[in-house]
Amino acid sequence: MTVPRDIPSSPKIIRAAQYLAELPKFENGLRRDLRENFGLEAHQISEAIALSAKMRANRRAFS
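Definitions and limits used
Within each chain, residue numbers correspond to sequence positions counted from 1 in written order. For this predicted model, a pLDDT threshold of at least 70 governs which residues receive local features, and a threshold of 80 or more governs which side-chain atom pairs are given and counted, while totals over whole chains, interfaces and linings are taken from all residues. Think of the side-chain values as coming from all heavy atoms in the structure, minus any hydrogens and water. Between N-to-C directions, angles span 0 to 180 degrees; the directions come from axes that are lines fitted to C-alpha atoms, helices contributing only their stretch in contact. Helix and strand assignments follow DSSP, with helices taken as H or I runs no shorter than four residues and strands as E runs no shorter than two, numbered in order from the N terminus. Should an angle lie under 35 degrees it is considered roughly parallel, over 145 roughly antiparallel, and from 65 to 115 roughly perpendicular; all remaining angles are considered oblique. Here a crossing is taken to be left-handed if its near helix is turned anticlockwise relative to the far helix by less than a right angle, and right-handed if that turn runs clockwise. The criterion used for residue contact is that any of the two residues' heavy atoms lie within 4.5 Å. Polar here means any residue outside two lists: the nonpolar Ala, Val, Leu, Ile, Met, Phe, Trp, Tyr, Cys and Pro, and the charged Asp, Glu, Lys and Arg; Gly therefore counts as polar.

**Description of the packing of helix H1 (residues 11-22) against helix H2 (residues 30-38)**
Right, on to step 1. In contact at an axis separation of 11 Å, H1 and H2 are set at 135 degrees when each is read in the N-to-C sense. In terms of their interaxial angle, H1 and H2 are classed as oblique. As H1 packs across H2, the resulting crossing turns out to be right-handed. Together, Lys12, Arg15, Ala16, Tyr19 and Leu20 of H1 and Leu30, Leu34 and Phe38 of H2 make up the contact between the two elements.
Right, on to step 2. Grouping the constituent residues of the contact of H1 with H2 by class yields six nonpolar, no polar and two charged.

**Quick look at the packing of H1 against helix H3 (residues 42-62)**
Right, on to step 1. At a closest axis distance of 8 Å, the pairing of H1 and H3 adopts a crossing angle of 50 degrees. By the angle between their axes, H1 is oblique relative to H3. As for how H1 packs across H3, the hand of that crossing is right-handed. Of the residues in H3, those in contact with Ile13, Ile14, Ala16, Ala17, Gln18, Leu20, Ala21 and Glu22 of H1 are Gln44, Glu47, Ala48, Ile49, Leu51, Ser52, Met55, Arg56 and Arg59.
Right, on to step 2. When the residues that make up the contact of H1 with H3 are grouped by side-chain class, the tally is ten nonpolar, three polar and four charged.

Now the structure itself:
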């Protein structure tokens, strides 16, 4: 059984995406902060950023 691509592989990615979705806007040094605070690697950071965009869109659509 394979995991669907839309589901993040790690709870760390989900927590980081939730954190990003709460920010009013992204600032410089964001990737460094995610690496230090959540222990994410480069590909995980990209996944968290993409997931946070989906979370923001869903919040706007369904709030």
